[in-house]
Amino acid sequence: MPEQGPGLATSRQSRLLDRLEACSYAPVLDLSAFLGVSEATVRRDLVDLEARGLIRRTHGGAMPLAQITRDFPNSERLTRHAADKARIGRAAADLVADGDAVFLDAGTTVLQVASQLSRRTGLTFVTNGTDIAACLAGAGVERLYVTGGEYHDMNRSLSGPLAAATIRRFNVDRLFLSVSAVDLGRGQIAISDPALAEAQRAMIEIAQEVIVVADHSKFTRSALAVIAPLEAVDRIVTDTACRDCLGTIPDALARKIIFA
């Protein structure tokens, strides 16, 4: 069975990361058996993932990073936890009322929310995500506003000071926010790239309700750039696998969580 090629490597590395997130540490031999590839291929994947700041290699194996300073680009994140993200998107879209003005942050889970909402009428959309703008425009939504800003290919967003200034000119009913980490220990939401955080803070300022959409993998780590404290978040929509990540949390936080 072939082990090389960009598409095969991307799919394999995504599965490898999922495995490490599930077990915290894995030896190369176990990863080789899990993926059905040679140990040499696993080692090459681990070198690549470590160079991208996504895992830490150890003697004979690897573990996921607790602190995220870089992330996969959208093109690769689309395939990670795809079924979970689709369920989250459906559950999150149900929170939108007819006539709402909705801000959709850039991100693959928010893209699932956008896909659901694009089928509805009477909504007004604002986004800084180029993928999301394309999704909504392609569906022929009635009212769509796209922020300016500096383009970031990692998550296909328009961010930075110009985006933040534009965002502050709006007032929306609901914000669907994408994050790299829901850090329960530190009580904050965070993202891997500080260049993206300023625009997200502006989104929170102009939203009546802040809704974080995040699959279970976001609850087992922290990230470099703090966006806001968890107190600034009204709801968190996640998948049912997140139940095992939560442990004991305050009742006030538990009431914010919706399982899809």
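Whatever comes next refers back to the structure up there.
I will try to describe carefully the structure that is included in this document.

Criteria and thresholds
- Residues numbered from 1 in each chain as written.
- Predicted model: local features only at pLDDT ≥ 70, side-chain atom pairs only at ≥ 80, totals over all residues.
- Heavy atoms only, no water.
- Helix = DSSP H or I, 4+ residues; strand = E, 2+ residues; numbered from the N terminus.
- Rg over C-alpha atoms; globule rule 2.2 N^0.38 Å.
- Buried < 20%, exposed > 50% of the residue type's maximum accessible area, 1.4 Å probe, protein only.
- Contact = heavy atoms within 4.5 Å.
- Areas by Shrake-Rupley, 256 points an atom, 1.4 Å probe, with all protein chains shown as cover.
- Lys, Arg positive; Asp, Glu negative; His and termini not counted.
- Charge placed at Lys NZ, Arg CZ, Asp CG, Glu CD.
- Pairing = 2+ DSSP bridges.
- Axes fitted to C-alpha atoms, helices over the stretch in contact; angles between N-to-C directions.

### Re the overall build of the protein
Right, so step 1: Along the backbone of the protein there are 11 helices and 17 strands.
Right, so step 2: Against the compact-globule benchmark of 18 Å for 260 residues, the protein has a radius of gyration of 19 Å, which places it among compact chains.
Right, so step 3: Taking the principal axes of the C-alpha coordinates as reference, the protein spans close to 55 × 40 × 30 Å.
Right, so step 4: Residue burial in the protein is summarised as follows: out of 260 residues, 52% are buried.
Right, so step 5: Considering only residue pairs separated by 6 or more positions, the protein has 63% of its internal contacts joining residues 24 or more positions apart.
Right, so step 6: For the protein, the accessible area works out to roughly 11,300 Å², and carbon and sulfur atoms hold 51% of it.
Right, so step 7: Placing the 29 positive and 31 negative side-chain charges of the protein at their respective mean positions leaves the two points 2 Å apart.

### Structural notes on the pairing of strand S12 (residues 188–191)
Right, so step 1: Residue alternation in S12 divides its side chains into two sets, Gln188 and Ala190 and Ile189 and Ile191, and both sets are buried.
Right, so step 2: Sheet topology places strand S11 (residues 181–183) next to S12; three bridges connect them, and they run antiparallel. Bridging from a neighbouring strand, Val182 pairs with Ile189 of S12.
Right, so step 3: Taking the residues that link successive antiparallel strands as the turn, the S11-S12 hairpin has four residues, and the phi of Gly187 there is positive, at about 70°.

### Considerations on the sheet that holds strand S2 (residues 55–58)
Right, so step 1: The three strands lie next to each other as S1-S3-S2, forming an open sheet whose pairing is antiparallel. Of all the strands in the sheet, just strand S1 (26–27) and S2 have a single pairing partner and so form its edges.
Right, so step 2: For S1 and strand S3 (residues 61–64), the ladder comprises two bridges, and the chain directions are antiparallel. Opposite Pro27, over in S3, you have Gly61 as the bridge partner.

### Things to note about the sheet that holds strand S15 (residues 225–229)
Right, so step 1: Read from one edge of the open sheet, three strands run S11-S12-S15, paired in antiparallel fashion. Where the open sheet ends on each side, the last strands, each with one partner, are S11 and S15. Within the sheet, the average angular offset between the axes of one strand and its neighbour, ignoring direction, is 30°.
Right, so step 2: The sheet contacts of helix H9 (residues 194–206) involve S12 and S15, and relative to S15 the element is tilted by about 15°.

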